[in-house]
Amino acid sequence: MAQIIDGKVISAQMKEEVKQRAAKLAAQGTTVTLAVIQVGNDPASSVYVGNKKKACEYVGIRSLAYELEEDTTQKELLELIQELNGRGDVNGILVQLPLPGHIREEEVIQTISPDKDVDGFHVQNVGRLNVGGEGFVSCTPAGVIQLLKRSGIMIEGKECVVVGRSNIVGKPMAALLLRENGTVTVCHSRTKNLAEVTRRADILVVAIGKPKFITAEYVKDGAVVVDVGIHRNENGKLCGDVDFDSVSPKASYITPVPGGVGPMTIAMLMENCLQSAERMAR
Ligand code: NDP
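**Q** Whenever I open this one, the overall build of the chain confuses me. Can you help?
**A** Scanning the chain from N- to C-terminus turns up 10 helices and 11 strands. For 282 residues, the compact-globule estimate of 2.2 N^0.38 gives 19 Å, and the chain sits close to it at 19 Å. Along the three orthogonal principal directions, the C-alpha set of the chain runs to about 50 × 40 × 40 Å. When burial is assessed residue by residue, the chain has 49% of its 282 residues classed as buried. Carbon together with sulfur atoms contributes 51% to the accessible area of the chain, which is approximately 13,300 Å² in total. Seen as two clouds, the 32 positive and the 34 negative side-chain charges of the chain have centres 4 Å apart.

Rendered as structure tokens:
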């Protein structure tokens, strides 16, 4: 039976560390500050924004909430971002996605200063990740690396298979595993014989967006399985992209859903804000 990688415990450790570093900066006169922009009132987005605010409060990061009307124009949103880009007291800017249909999301993301892009979505940060420079990394895949490292799992030299190639999860995940000297394969919807490829993995990271898609036949004995997926079934119960019940007897380590990758995303957001403030204070 696999050992559980406990994202709640590991994210709590990380938040404690951030809290201490934020207190140290505060003692030197810097209040770490994150600006969170939400356009409209999509209920799921409101929950995510609320959770981010709570985490900020807990670690001692000041959060500035910008709750904009659904009919906010592209120009108004870009002007707000530009104003925040210019403010010396703002270390991170986060625009909650998805944005309403009339807003061009890509332009919004690229308007955030790369130095305050704590989500790690700006092309400059994506580029820095791929050429090995210092920059912000997308929070979810960065959280997966922390889960592995803090569970004592070696990445170097391992066969790592990532299922999913989104800009937010799959691609940065692959780049990070490569940076840690894993041997990386990326799979997607056009991959042939998916199970044959995933069965090669010592470390299998799944970000497909399909509930319980990965069953035991996709997994090698003793593999480490990381489930990024998150779904709510009709009874309100959460599950991932991995069929936990069939896979966990085969795996050596596995992340549960909930309580695996999910809590790490916000912990990494806090870490990114802190890093930004530390850089700005230098
Ligand atoms: P996307 O829908 O953007 O990407 C899904 C990827 O999976 C695509 O690359 C797609 O391939 C691939 N895919 C789809 N079907 C198959 C298949 N049958 N076989 C192989 N590959 C397939 O999703 P995200 O990356 O944004 O998210 C993935 C999951 O992770 C979701 O469940 C999401 O809710 C969750 N998530 C969780 C987070 C957390 O904090 N825990 C944060 C972000 C996401 P192709 O490119 O060819 O279409």
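Picking up where we left off.
**Q** Looking at this structure, I do not really get the site of the ligand. What am I missing?
**A** Residues in close proximity to the ligand total 22 residues, the closest being R165, S166, S189, K210 and T265. Residue I230 places a main-chain N or O atom 3.3 Å away from an oxygen atom belonging to the ligand. The separation between an oxygen atom of the ligand and a polar side-chain atom of T265 is 2.8 Å. Protein coverage of the free-state accessible area of the ligand, which is 930 Å², stands at 70%.

**Q** Please explain the sheet that holds strand 1 (residues 3–4) as it appears in this structure.
**A** In any sheet, the strands associate via hydrogen bonds between backbone groups, in a parallel or an antiparallel arrangement. Strand order in the open sheet formed by six strands is 1-11-8-7-5-6, with parallel pairing between adjacent strands. On the outer flanks of this sheet lie strand 1 and strand 6 (183–187), each paired with one strand and no other. With four bridges joining them, strand 7 (residues 203–206) and strand 8 (residues 224–227) adopt parallel strand pairing. Counterpart to I203 in the pairing with strand 8 is V224.

**Q** Help me understand the environment of V163, please; the structure alone is not making it clear to me.
**A** Its location among the elements puts V163 in strand 5 (residues 159–163). Distance from V163 to I208, taken between C-alpha atoms, is 6.3 Å for residues 45 residues apart in sequence. In contact with V163, other than residues within four places in its own chain, are C187, L194, T198, L204, V205, V206, A207 and I208.

**Q** What am I meant to see in a negative patch on the surface here?
**A** The grouping of D42, E69, E70, D71 and E76 at the surface amounts to a negative patch. Considering the arrangement of structural elements, one finds E69 in the loop between strand 3 (62–68) and helix 3 (74–86).

**Q** Any chance you could explain empty space enclosed by the protein here in plain terms?
**A** What the rule picks out here adds up to one cavity of 30 Å³ or more. One number sums up the size of the largest cavity: a volume of about 50 Å³. In terms of lining residues, the largest cavity is bounded by I93, L94, V95, L97, I109, I112, D117, D119 and F121. The element best represented in the lining of the largest cavity is strand 4 (residues 92–95), accounting for three residues. In the lining of the largest cavity, the residues fall into seven nonpolar, no polar and two charged.

**Q** Help me understand the side chain of T255, please; the structure alone is not making it clear to me.
**A** Positionally, T255 belongs in the loop between strand 11 (253–254) and helix 10 (262–281). In terms of polar contacts, T255 uses its side chain to reach the backbone amide nitrogen of D227, at 2.8 Å. Beyond its immediate sequence surroundings of up to four residues, T255 is in contact with I5, L147, V225, V226, D227, F244, G260 and V261.

**Q** So what exactly am I meant to see when it comes to helix 2 (residues 43–59) here?
**A** For helix 2, which comprises 17 residues, the first-to-last C-alpha distance of 25 Å matches the rise-based estimate of 24 Å (1.5 Å per residue) to within 8%. S45, V49, K52, A55, C56 and V59 are the residues of helix 2 that are buried. The buried residues of helix 2 occupy one face: seen down the axis, they fall within an arc of 120 degrees. Turned more than 90 degrees from where helix 2 packs its buried face, P43, V47, K54 and E57 sit exposed. Next to the buried residues of helix 2 lie helix 1 (7–27), strand 2 (33–39), strand 3, strand 4 and helix 10.

**Q** Can you walk me through the sheet that holds strand 3 in this structure?
**A** Read across the open sheet, the three strands follow the order 3-2-4; overall the sheet is parallel. Across the chains shown, the open sheet's two edge strands, defined by having one partner strand only, are strand 3 and strand 4. Pairs of neighbouring strands in the sheet enclose a mean axial angle of 15 degrees, with direction left out of account. Note that strand 2 and strand 4 share four bridges and pair parallel. Bridge assignment links V36 to a residue of strand 4, and that residue is L94. Across the face of the sheet, helix 3 comes into contact with strand 2, strand 3 and strand 4 while running at roughly 180 degrees to strand 2.

**Q** I'm lost on the nonpolar core in this one. Help?
**A** Residues L34, I61, L148, L177 and M270 are the most contacted members of the largest nonpolar core, which totals 51 residues. Tallying contributions element by element places helix 10 first for this core, with nine residues. Excluding residues that lie within four positions of it along the chain, M270 makes contacts with V18, K52, A55, C56, V59 and I61. Formed by 19 residues, the second largest nonpolar core is a distinct cluster that contains V163, L204, V206 and A223.

Reading the values: rules and limits
Residues numbered from 1 in each chain as written. Predicted model: local features only at pLDDT ≥ 70, side-chain atom pairs only at ≥ 80, totals over all residues. Heavy atoms only, no water. Helix = DSSP H or I, 4+ residues; strand = E, 2+ residues; numbered from the N terminus. Rg over C-alpha atoms; globule rule 2.2 N^0.38 Å. Buried < 20%, exposed > 50% of the residue type's maximum accessible area, 1.4 Å probe, protein only. Areas by Shrake-Rupley, 256 points an atom, 1.4 Å probe, with all protein chains shown as cover. Lys, Arg positive; Asp, Glu negative; His and termini not counted. Charge placed at Lys NZ, Arg CZ, Asp CG, Glu CD. Near = heavy atom within 4 Å. Polar contact = N/O pair within 3.5 Å; in protein donor to acceptor, adjacent residues only side chain to side chain. Pairing = 2+ DSSP bridges. Contact = heavy atoms within 4.5 Å. Patch = residues over 30% accessible without salt bridge, like charges linked within 9 Å, V, L, I, M, F, W, Y side chains within 5 Å. Salt bridge = Lys/Arg side-chain N within 4 Å of Asp/Glu carboxyl O. 1 Å grid on protein atoms, 1.4 Å probe; cavity = no way out; pocket = protein on both sides within 12 Å on 5 of 7 lines; lining within 4 Å. Points joined across faces, edges and corners; volume = space filled by probe spheres on them. Nonpolar A, V, L, I, M, F, W, Y, C, P; charged D, E, K, R; others polar. Expected span 1.5 Å × (residues − 1). Arc of directions from axis to C-beta. Axes fitted to C-alpha atoms, helices over the stretch in contact; angles between N-to-C directions. Core = buried A, V, L, I, M, F, W, Y, C linked by side-chain atoms within 4.5 Å.

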